[in-house]
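# Structural overview for review
Each chain, written out:
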Amino acid sequence: MTDLWQEIYGSIKRNKLRTFLTGFAVAWGIFMLIVLLGAGNGLIHAFEESSSQRALNSIRVFGGWTTLPYDGLKEGRYIRLDNRDLEATTAYFNDRVDEAGATQNQGSTDISYGSEYVNLSLDGVYPNYTEVEPVRLKTGRFINQTDIRERRKVMVVHENTAEVLFSKSGDDPIGKFVNAGGVAYQVIGIYTDEGNAQPSSVIIPFTTLQTIYNKGNYLNSIIFTTKGLETVEANERFEDDYRAVLSANHRFDPTDDGAIWLWNRFTSYMQAMGAMGILRTAIWVVGIFTLLSGIVGVSNIMLITVRERTHEFGIRKALGAKPRSILWLIIVESVVITTAFGYVGMVAGIGATEWMNAAFGSQTVDAGMFEAKMFSNPTVDIGIAIQATVTLIVAGTLAGLFPARKAVRIRPIEALRAD
């Protein structure tokens, strides 16, 4: 074995520049593979973190416009959701709906405490709102069923809103009363909303908003979480059944997808994960083809090595060397070159992903009303390193296999005549 390593070292030493240039192509290929995988992971991790802030088994329903005529009515009607739809959600689907609620909105309202004020909208919600939206209570409490039932004038404000209203006075916001368009509300909680650059609303009980601001029987959206729907097919069947029930309330075609809009986070998540899988596959394909250019270079250099050492291999075979010893020599040299330079590229690639993590690891994009995290933890794990190692060894073996087979087929008498 020592002789084998000495021969490989001597061969590489005799062709330092050629070996370096060929190995650099391998290093560059694996470097690009690691960097691309890291960047892809950054996008995937950001999406997964964003999804984890909301219940995946949640559905949000909005009114829409009919696109089909139905029961003597023309298309183009606006379907406005109301309390009947919320009641039907729990009455007809209690085996598949865990908890249902609704939202309603009151436009820009002046909210003041002492001499300080902000202008925000009021969002009327149910207690399940925190399960569906990325709202996290920081202190105090959230809206509860008693607030809904008794139509209490209570309010949950964003931490930035609390800072504006109460920072100068130094008062603890919890328990204080603020004036919202002439109506006194008691602050019962402070929430934080990751991703929101500026708060645009305060939260009050749904029934309170519907009563005080004369919203009648109407609502903006229905939100609920589901149970027992664990596949895309089961969710799609539920959506069809749900449209059929609401179509009876509003007289629209149950197959009219435009009449109401259902945002099913489970099916959206599964579709997005499918797209992420395609992205990861595409990255591997691009990386492998980049690496392939280096592998072809290694194969070429080994073919040149075989050609230059034809006379030597002939003497070895004439002296009784077995074909597999020559085969082993060429393949091991190819694997050594590929793996050594490949690991240099891998280490450089991991270093690049660590730099990306430090520079862009929590990258967000300002979308005006909110900020969305687009890049998170763009690093590769040990599994990727193992896969890259296996790829290098397999690539090195394949790169050396064809030159080695050519060396094995050399006939001693022909090799001894070679120049």
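It should be noted that the structure appears before, not after, this text.
Structure report, in brief. (Residues numbered from 1 in each chain as written. Predicted model: local features only at pLDDT ≥ 70, side-chain atom pairs only at ≥ 80, totals over all residues. Heavy atoms only, no water.)

### Overview of the overall build of the chain
Counting its regular elements, the chain contains 13 helices and 12 strands. Out of the 419 residues belonging to the chain, those deemed buried represent 45%. In the chain, once contacts between residues fewer than 6 apart in sequence are set aside, the share between residues at least 24 apart is 77%. Approximately 21,100 Å² of the chain is accessible, and the part contributed by carbon and sulfur atoms is 58%. (Helix = DSSP H or I, 4+ residues; strand = E, 2+ residues; numbered from the N terminus. Buried < 20%, exposed > 50% of the residue type's maximum accessible area, 1.4 Å probe, protein only. Contact = heavy atoms within 4.5 Å. Areas by Shrake-Rupley, 256 points an atom, 1.4 Å probe, with all protein chains shown as cover.)

### Re the packing of helix H3 (residues 83-92) against helix H8 (residues 232-250)
Contact pair H3 / H8: the axes reach a minimum separation of 10 Å and the direction vectors enclose 140°. One element, H3, and the other, H8, form an angle in the oblique class. Considering the relative orientation of H3 and H8, their crossing is right-handed. Residues Arg-84, Asp-85, Ala-88, Thr-89 and Tyr-92 of H3 form the contact with H8, whose participating residues are Tyr-242, Val-245, Leu-246, Asn-249 and His-250. (Axes fitted to C-alpha atoms, helices over the stretch in contact; angles between N-to-C directions. Parallel < 35°, antiparallel > 145°, perpendicular 65-115°, else oblique. Left-handed = near helix turned anticlockwise from the far one by under 90°.)

### Focus on the pattern of salt bridges
What the rule picks out here adds up to 12 salt bridges. Arg-251 is the salt-bridge partner of Asp-71, the closest N and O atoms lying 3.3 Å from each other. Of the two residues, Asp-71 sits in the loop between strand E1 (58-63) and H3 while Arg-251 sits in the loop between H8 and strand E10 (260-264), which places them 180 residues apart along the sequence. Residue class for Asp-71 comes out exposed when judged on its relative accessible area of 52%. With its nearest N and O atoms 3.1 Å apart, the salt bridge here joins Arg-96 to Asp-241. Here Asp-241 lies in helix H8 and Arg-96 lies in the loop between H3 and strand E2 (97-113), a separation of 145 residues in the sequence. One salt-bridge network, in which partners are shared between bridges, spans Arg-141, Asp-147, Glu-150 and Arg-152. (Salt bridge = Lys/Arg side-chain N within 4 Å of Asp/Glu carboxyl O.)

### What about the packing of aromatic side chains?
Across all of its chains, the model carries 11 aromatic pairs by this definition. Between Phe-93 and Phe-238, the aromatic rings sit 5.3 Å apart at their centres with planes inclined by 75°, giving edge-to-face as the arrangement. Of this pair, Phe-93 sits in the loop between H3 and E2 while Phe-238 sits in helix H8, placing them 145 residues apart in sequence. An identical accessibility class is assigned to Phe-93 and Phe-238; each is buried. For the ring pair Trp-261 and Trp-263, a centre distance of 6.4 Å and an interplane angle of 5° mean the geometry is stacked. Trp-261 gets classed as partly exposed once you look at its relative accessible area, which sits at 48%. A connected cluster of aromatic rings, assembled from ring pairs, spans Phe-93, Phe-224, Phe-238 and Tyr-242. Above the plane of the ring of Tyr-218 lies Arg-80, whose end atom (NZ or CZ) is 4.0 Å from the centre. Its end group placed over the ring of Trp-263, Arg-265 keeps NZ or CZ at 4.3 Å from the ring centre. (Phe/Tyr/Trp six-rings, centres within 6.5 Å; stacked < 30°, edge-to-face > 60°. Lys NZ or Arg CZ within 6 Å of the ring centre and 35° of its normal.)

### Describing helix H6 (residues 159-166)
Residue pairs three or four apart in sequence face the same way in an α-helix, which turns once every 3.6 residues. Residues of H6 that are buried include every one of Thr-161, Ala-162, Leu-165 and Phe-166, and no others. Seen along its axis, H6 keeps its buried residues to an arc of 105°; they face one direction. (Arc of directions from axis to C-beta.)

### Some details on the side chain of Glu-116
Its location among the elements puts Glu-116 in strand E3 (residues 116-125). Using a relative accessible area of 18% as the deciding quantity, one classes Glu-116 as buried. With residues near it in sequence (within four places) discarded, Glu-116 still touches Ile-111, Val-164, Leu-165 and Lys-168.

### A short note on the pairing of E3
Among the 10 residues of E3, 8 are classified as buried, and the element is accordingly described as predominantly covered. Of the strand pairs in this sheet, E2 and E3 are connected by 8 bridges, and their pairing is antiparallel. Directly across from Ile-111, in E3, lies its bridge partner Val-118. The antiparallel hairpin formed by E2 and E3 contains 2 residues in its connecting segment, where Gly-114 sits at a positive phi of about 65°. Sheet topology note: the E3/strand E8 (residues 201-205) ladder contains 5 bridges and is parallel. Across the sheet, Ser-121 pairs through a bridge with Ser-201, a residue of E8. (Pairing = 2+ DSSP bridges.)

### A look at the environment of Gly-101
Structurally, the position occupied by Gly-101 is in strand E2. The buried category is assigned to Gly-101, whose relative accessible area is 0%. Note: C-alpha distance between Gly-101 and Val-125 (24 residues apart in sequence) is 7.2 Å. Those residues in contact with Gly-101 that sit more than four places away from it in its chain are Leu-86, Tyr-126, Asn-128, Ser-221, Ile-222 and Ile-223.

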